[in-house]
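Close look at the chain arrangement
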Amino acid sequence: MEFKPLMEPAVPPLFPAHTIDILPRYLTAPFVSIRHPYYPINHKALMEFLAFDNGGIDYDLAYYACCLLVDNAWIREEADRPYFSLIPTPNGRFTRPADGILPANVYYFHDPLYADPTVPYPITPSFAHWSFPHGNLPPPWCNLDIASVPTHKSSSMRAGGREAIISRDECCRMTLALSGVEKAHIVPQAEELWFTQNNMGPYVSASVNSKVNEVKNLILLRADVYKTFNAKALLIVPKLRNRRYVLVTHLLHSIEQTMHELESLYHNRPLHQLYGVSPECLFARFAWTILESTTVQLIDNIRTDPIAIRILENAHNSVNPVSRVVYVTSADQVPPTTSTIPRTTSKRSRSGNNASRMQATEDDSDVEPSTQWDSAVVRSRRRESDSDSDPGTPPLPGSMPGSLGTLPGSSRSNSTAATKVDMTANPKVSGYDSESNQVVPTKRLD
């Protein structure tokens, strides 16, 4: 009997095996840092991205990610929309480059509705505090070319469930793998409360009782790919190529041991043809992935200076969401939404049926509903901030200790009119008291 050769690495390593005296690549990799113009340099950046797109990051990705933090600000009239600048003062707009790439550098994201330099614009702290912008998707998602389900596939999808998604997609939509594939929710199943509160049902089914597990919110992915996808390291996003938007995967962050492999295998890798998938669900997944502490870093901080955030007062009302501005000094103080459900932990269901050549397993077992910032993440960041490193040095993107981790969730207001709060008129700064479940004064500004 002859054996096959040993498997070769999917991607040749950057350095010889067992080399330890090397500088990890992420320490020298360029990145794009986007800062809030109000807060000084000793605060963390508003957002940070690895610069893997030709020495920068896709401009549209960075811009709409930042707009998520500013109450879906792309909805506004053009003169009132936020903009990038290389300086903290409100001038010197950085226009979109011809190649669509925001080069590696430090930028400031300005909101024209907050021209007063003494008043910071508030940011959405998490996915649970973000409201879906019904009827106002950004252009990249509006212009996606997603094919209808072919007739020969539709007939075999009527039964619904797992067999429907296998019949439609047949294999992993990224790798074309037939074995080890998972039924992957686009908007995670753990976010079913957010899905219902934001009235996402009409985007996936004509039924008024449609849920997060409808076929239009599902794709097939190989198990390892979807684990990385669920860890918010990989993002599915439309990028412009030859004057049309193409869905590709984008590497947001990674630990150093896997960064080279993940970038080589998956970064800017187009997906194979999707059928019948909801663009609205894809955009909601974009928001869910972006609104987490590895990308959004400003509030994941321990500072004495307050951070202005916009929180939802009535998360259950997606038609007329009401928000207000409070001030917090750490992620611990971000209040949950009024309709938040408790976190639950579920075990992955296993099937004993080995007869099928291809089995789609249940996904999202490691994804919890978005409530508050994950305490483990907060603790790891606190240890980082307590170190004797220079507090003015921006943190390295994607260098969160441990795994790729569970991150905060939140939901935003859909109002286009920003709520200005004069800090000088509010000498007491509000924070969230978890014991009393109230937003309470925590600090006086002198």
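Notes on the structure follow.

The rules behind the values
Residues numbered from 1 in each chain as written. Predicted model: local features only at pLDDT ≥ 70, side-chain atom pairs only at ≥ 80, totals over all residues. Heavy atoms only, no water. Core = buried A, V, L, I, M, F, W, Y, C linked by side-chain atoms within 4.5 Å. Buried < 20%, exposed > 50% of the residue type's maximum accessible area, 1.4 Å probe, protein only. Helix = DSSP H or I, 4+ residues; strand = E, 2+ residues; numbered from the N terminus. Contact = heavy atoms within 4.5 Å. Pairing = 2+ DSSP bridges. Axes fitted to C-alpha atoms, helices over the stretch in contact; angles between N-to-C directions. Polar contact = N/O pair within 3.5 Å; in protein donor to acceptor, adjacent residues only side chain to side chain.

A word on the nonpolar core. Ranked by size, the top nonpolar core spans 98 residues in total, and within it Ile34, Phe49, Phe84, Phe109 and Phe286 carry the most contacts. With 10 residues, helix 2 (residues 59-69) is the single largest residue contributor to this core. If we ignore the near neighbours within four places in the chain, the residues touching Phe84 are Ile34, Tyr59, Ala62, Tyr63, Cys66, Gly92, Arg93, Phe94, Leu102, Tyr107, Tyr108 and Phe109.

The strand order across the open sheet formed by three strands is 9-10-11, and the pairing between neighbours is antiparallel. Of all the strands in the sheet, just strand 9 (234-241) and strand 11 (269-270) have a single pairing partner and so form its edges. When strand 10 (residues 244-251) meets strand 11, the two strands line up antiparallel, connected through two bridges. In the strand pairing of strand 11, Thr249 is matched with Arg269. In the packing of helix 8 (residues 256-266) onto the sheet, contacts are made with strand 9, strand 10 and strand 11, and the angle to strand 10 comes to roughly 160°.

This brings us to the environment of Ser85. Summarising the element assignment, Ser85 is placed in strand 4 (residues 83-85). As a C-alpha pair, Ser85 and Tyr108 span 23 residues in sequence and 5.1 Å in three-dimensional space. With near-sequence residues (within four places) excluded, Ser85 lies in contact with Asn91, Gly92, Phe94, Tyr107, Tyr108 and His110. Among the polar contacts listed, one links the side chain of Ser85 to the backbone oxygen of Asn91, at a separation of 2.9 Å.

Let us now look at the sheet that holds strand 2 (residues 47-50). Taken in spatial order, the four strands line up as 2-1-6-4 in an open sheet, and their pairing is mixed. At either end of the open sheet lies a strand with only one pairing partner, and these are strand 2 and strand 4. Across this sheet, the average inter-strand angle for adjacent strands is 25°, counted without regard to direction. Across three bridges, the pairing between strand 4 and strand 6 (residues 106-110) is antiparallel. Each bridged residue has a counterpart across the sheet, and for Tyr83 the counterpart in strand 6 is His110. Helix 2 contacts strand 1 (31-35), strand 2, strand 4 and strand 6 of the sheet and is inclined by roughly 155° relative to strand 2.

What follows concerns the environment of Pro37. Mapping Pro37 onto the fold places it in the loop between strand 1 and strand 2. Linking Pro37 and Pro88, residues 51 residues apart in sequence, is a C-alpha distance of 4.8 Å. Discounting residues that sit within four places of it in the chain, Pro37 has contacts with Pro88, Tyr108, Phe109, His110 and Tyr121.

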